[in-house]
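A structural walkthrough
One-letter residues, chain by chain:
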Amino acid sequence: MSKTEKDKSKSGGKKKLLLMGGGALLLAGGSAGAAIYATGGFTPKAAKEDPTRPKLVVRSEEPAEPIAEGEGDKEAPLKEGTVSVPNDRIKVDPAKYEITYFPVEQPFTANLADGSGFIQIGISLATYYDGKVITNIRRQNVPIRSAVLMVLSEQDPAVLSTAQGKQMLQRELTQAINSVLRQKEGFGGIDNVYFNSLVIQ
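Our subject in this report is the structure included herewith. Just so you know, these numbers come straight off a predicted model, no measurement behind them.

Here the focus is the overall build of the protein chain. Along the protein chain, the regular secondary structure elements total five helices and six strands. The N-to-C order of helical and strand elements in the protein chain reads α-β-β-β-β-β-α-α-α-α-β. Counting only residues that meet the buried cut, the protein chain has 27% of its 201 residues in that class. In the protein chain, the proportion of contacts linking residues at least 24 apart, taken out of those at least 6 apart, comes to 73%. A total of about 13800 Å² of accessible surface is found on the protein chain, and carbon and sulfur atoms cover 56% of it.

Of all hydrophobic cores here, the largest spans 35 residues; its most connected members are I119, I123, L125, I137, L152 and I177. Among the elements of the structure, β4 (108-111), β5 (118-127), α2 (131-139), α3 (141-153), α5 (163-185) and β6 (190-200) are those that each provide at least two residues to this core. The element best represented in this core is α5, accounting for six residues. Aside from chain neighbours lying at most four places away, what touches I177 is I123, L125, I144, V148, I190 and V193.

Further remarks concern α2. Among the residues of α2, V133, I134, N136 and I137 are the ones counted as buried. Projected down its long axis, α2 carries its buried residues within an arc of 160°, all on one side.

Contact geometry of α3 with α5 gives a least axis separation of 9 Å together with a crossing angle of 150°. Classified by the angle between their axes, α3 and α5 sit roughly antiparallel to one another. Note on packing geometry: the crossing formed by α3 with α5 is right-handed. In contact with P143, I144, A147, V148, V151 and L152 of α3, α5 contributes L169, E172, L173, A176, I177, V180, L181 and K184.

For the rest of this paragraph, the subject is the environment of Q140. Turning to its location among the elements, Q140 is positioned in the loop between α2 and α3. Take Q140: its relative accessible area is 12%, and that puts it in the buried class. For the pair formed by Q140 and I177, sequence separation is 37 residues and the distance between their alpha carbons is 9.6 Å. Sequence-distant contacts of Q140, that is, excluding residues within four places in its chain, are made with L181, K184 and E185.

For any pair of aromatic rings, geometry is given as the distance between the ring centres together with the angle between the planes. Counted according to the given criterion, the structure contains two aromatic pairs. Its guanidinium or amino end placed over the ring of F108, R145 lies 4.1 Å from that ring's centre, counting from NZ or CZ.

Quick look at the side chain of T127 now. With respect to the helices and strands, T127 occurs in strand β5. On the accessibility criterion, T127 (1% relative accessible area) is buried. Side-chain polar atoms of T127 contact the backbone nitrogen of Y129, separated by 3.1 Å. Separated by 2.7 Å, the side chain of T127 and the backbone oxygen of G189 make a polar contact. Contacts of T127, omitting those with residues within four sequence positions, involve E98, I99, T100, V133, I134, G189 and D191.

This paragraph deals with the environment of A113. Within the secondary structure, A113 sits in the loop between β4 and β5. Spatially, the C-alpha atoms of A113 and L152 are 8.2 Å apart, while their sequence positions differ by 39 residues.

Looking now at the environment of D156. On the secondary structure map, D156 appears in the loop between α3 and α4 (157-160). Sequence separation of D156 and L112 is 44 residues, and the distance between their C-alpha atoms is 6.4 Å.

What counts and what doesn't
Residues numbered from 1 in each chain as written. Predicted model: local features only at pLDDT ≥ 70, side-chain atom pairs only at ≥ 80, totals over all residues. Heavy atoms only, no water. Helix = DSSP H or I, 4+ residues; strand = E, 2+ residues; numbered from the N terminus. Buried < 20%, exposed > 50% of the residue type's maximum accessible area, 1.4 Å probe, protein only. Contact = heavy atoms within 4.5 Å. Areas by Shrake-Rupley, 256 points an atom, 1.4 Å probe, with all protein chains shown as cover. Core = buried A, V, L, I, M, F, W, Y, C linked by side-chain atoms within 4.5 Å. Arc of directions from axis to C-beta. Axes fitted to C-alpha atoms, helices over the stretch in contact; angles between N-to-C directions. Parallel < 35°, antiparallel > 145°, perpendicular 65-115°, else oblique. Left-handed = near helix turned anticlockwise from the far one by under 90°. Phe/Tyr/Trp six-rings, centres within 6.5 Å; stacked < 30°, edge-to-face > 60°. Lys NZ or Arg CZ within 6 Å of the ring centre and 35° of its normal. Polar contact = N/O pair within 3.5 Å; in protein donor to acceptor, adjacent residues only side chain to side chain.

See below:
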């Protein structure tokens, strides 16, 4: 074997060693990177939390305290923790979050679609979000009342005489109120509308 052949074989061996060493380093680096990613080491910076956005209220493990006489009108401070959410369209697990009912003070009266009768309802709104949603409801009382009256004036008395018709009205009212809140406040948050009273004549 000549000197040039020996040099070539030595340099070929060095190249192989370098390639193998580089491959091993890449493999080790990739494994370490995957481990760091899996444990949450590469989480992106958290976006600034909007303090005005409502949050879900985590259900308390403690039993509810009985309300003393005359305290029913006061808003109790929330002891539970809260969870930030990107929007109000996420599915909420009722077992995990506290629900709040907000009774709307004045009843709603409207003529029905066929003009032969009227409907009068009293409603309460249910939300799994904190007091910011209640504040939004109070602030947007006028457009919410208008939206509810428009939904009521489109109702057919024959459909409303059935349980399914009343449930459909609940869904329509929920959608209408959430639509107003999303448009005016950027966040809906109403889970359902419940009837306190319902009269159709």
